[in-house]
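# Close look at the chain arrangement
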Amino acid sequence: MHRLIGLASALTVIKLTSTPTTAFSAEPLKVVASFSIIGDFARNVGGDRIELTTLVGPDGDAHVYEPSPADAVTMSKADVVLVNGLQFEGFLQRLVEASATKASIVELTKGIEPLKMKEAHSHEQEGTAEDGHHGGFDPHAFQSVANAKIYVSNIAGGFCAADAAGCDAYKANAARYTAELSEAEAYIKASVEAIPADKRTIITSHDAFGYFENAYGVTFLAPEGISTEAEASAADVAALIRQVREDKASAIFVENITNPRLVEQIAAETGVTVGGTLYSDALSKANGPAPTYIDLMKNNIGTIKGAILGS
Ligand code: ZN
């Protein structure tokens, strides 16, 4: 953190002495996306009019990400910075300050209906006031496709404000991509329909799927809370093991961004096989099963359905 603050003054000097480039309309719009899912949205809306940098990459955990000095340099040069908001990116505030960026910062959860955080388990008192994760809303709004459409609309608005000449293109791209999102949404709903209603409770590592649960009717239980920062308590783990033993949870999954140890422990103690990997807060790498947001959402419901139905 100190390195970043030290960098801030150096960056200010660079900014003041460099030639302004915004006058050239041929220059691509310099866009920074805070994490991989937003990066995919940005690519779909921006196409080749933008030059995109994503801070937290595939399989990365934005909750605990530590920005590098290079990230501060990237931020300082950006025209538009796309962030989730709702305190998802714990690193963001100090990175914005350290980089002294003049970019417009577009908060993509603006306009969604935020869900309250799930009632914290017994580790509620472990959260300190300053960690920012215990004061309000669940930030994982992208786990509902209806919300993803709002993110996309906000991105188009942010790009139009920064690059009026490209606005028609951004709007056309957003409309095309929104239609693809609608198809993915229908696929998810049909997949959930195929799972018997009393089998729709599952276990995963952390509370990343509240919006998915709310939108599609699959119930997620997790030993860790909304942020991966807090440790699960022994009592939470014991409670989940009890749920599995009483057949209240049908399947159990690891996540791509979290340590699988806890989930594997629950699986071992209950004799339930881990049903696969869910992609919670990040895409997979390009050669994985979830290199785009649409792939991610389809892959997750496919993995859930396959594990529950045993197909
Ligand atoms: Zn998360």
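To keep things clear, this report deals only with the structure shown in the data block. (Residues numbered from 1 in each chain as written. Predicted model: local features only at pLDDT ≥ 70, side-chain atom pairs only at ≥ 80, totals over all residues. Heavy atoms only, no water.)

### A closer look at the coordination of the zinc ion
Bound to the zinc ion on the protein side are H63 (NE2), H140 (NE2), H206 (NE2) and D281 (OD), at distances that span 1.9 to 2.1 Å. Viewed at the metal, the four donor atoms of the zinc ion are separated by angles of 96 to 116°, and the geometry they form is tetrahedral. Sequence positions of the donors to the zinc ion reduce to the motif H-x76-H-x65-H-x74-D. One end of the pair, H63, is in the loop between strand 2 (50–56) and helix 3 (69–77); the other, D281, is in the loop between strand 8 (274–278) and helix 10 (293–309), and 218 residues separate them in sequence. (Donors = N, O, S within 2.8 Å, 3.2 Å for Na, K, Ca; no water. Tetrahedral: all angles 85-135°; square planar, octahedral: opposite > 155°, others 65-115°. Helix = DSSP H or I, 4+ residues; strand = E, 2+ residues; numbered from the N terminus.)

### A few points about the pairing of strand 2
One ladder, built from six bridges, connects strand 1 (residues 29–35) with strand 2; its direction is parallel. Bridge assignment links F35 to a residue of strand 2, and that residue is V56. Of the crossover connections in this fold, the one passing from strand 1 over helix 2 (residues 36–46) to the parallel strand 2 is right-handed. (Pairing = 2+ DSSP bridges. Right-handed = clockwise from strand over helix to strand, strands pointing away.)

### Looking at the packing of aromatic side chains
Any pair of aromatic rings gets described here by the distance separating the centres and the angle formed by the planes. Per the stated rule, a full pass over the model turns up 11 aromatic pairs. Look at F41 and Y151: their rings are 5.8 Å apart centre to centre, the planes differ by 80°, and that puts the pair in the edge-to-face class. Of this pair, F41 sits in helix 2 while Y151 sits in helix 5 (residues 145–162), placing them 110 residues apart in sequence. For F41, a relative accessible area of 0% translates into the label buried. Between F209 and F220, the aromatic rings sit 4.6 Å apart at their centres with planes inclined by 15°, giving stacked as the arrangement. Here F220 lies in strand 6 (residues 219–221) and F209 lies in the loop between strand 5 (201–203) and helix 7 (210–216), a separation of 11 residues in the sequence. When sorted by exposure, F209 lands in the same class as F220, which is buried. Members of the aromatic cluster, joined through ring pairs, are F41, Y151, Y177 and Y293. Over the ring of Y187 we find K298, and its NZ or CZ is 5.2 Å from the ring centre. (Phe/Tyr/Trp six-rings, centres within 6.5 Å; stacked < 30°, edge-to-face > 60°. Buried < 20%, exposed > 50% of the residue type's maximum accessible area, 1.4 Å probe, protein only. Lys NZ or Arg CZ within 6 Å of the ring centre and 35° of its normal.)

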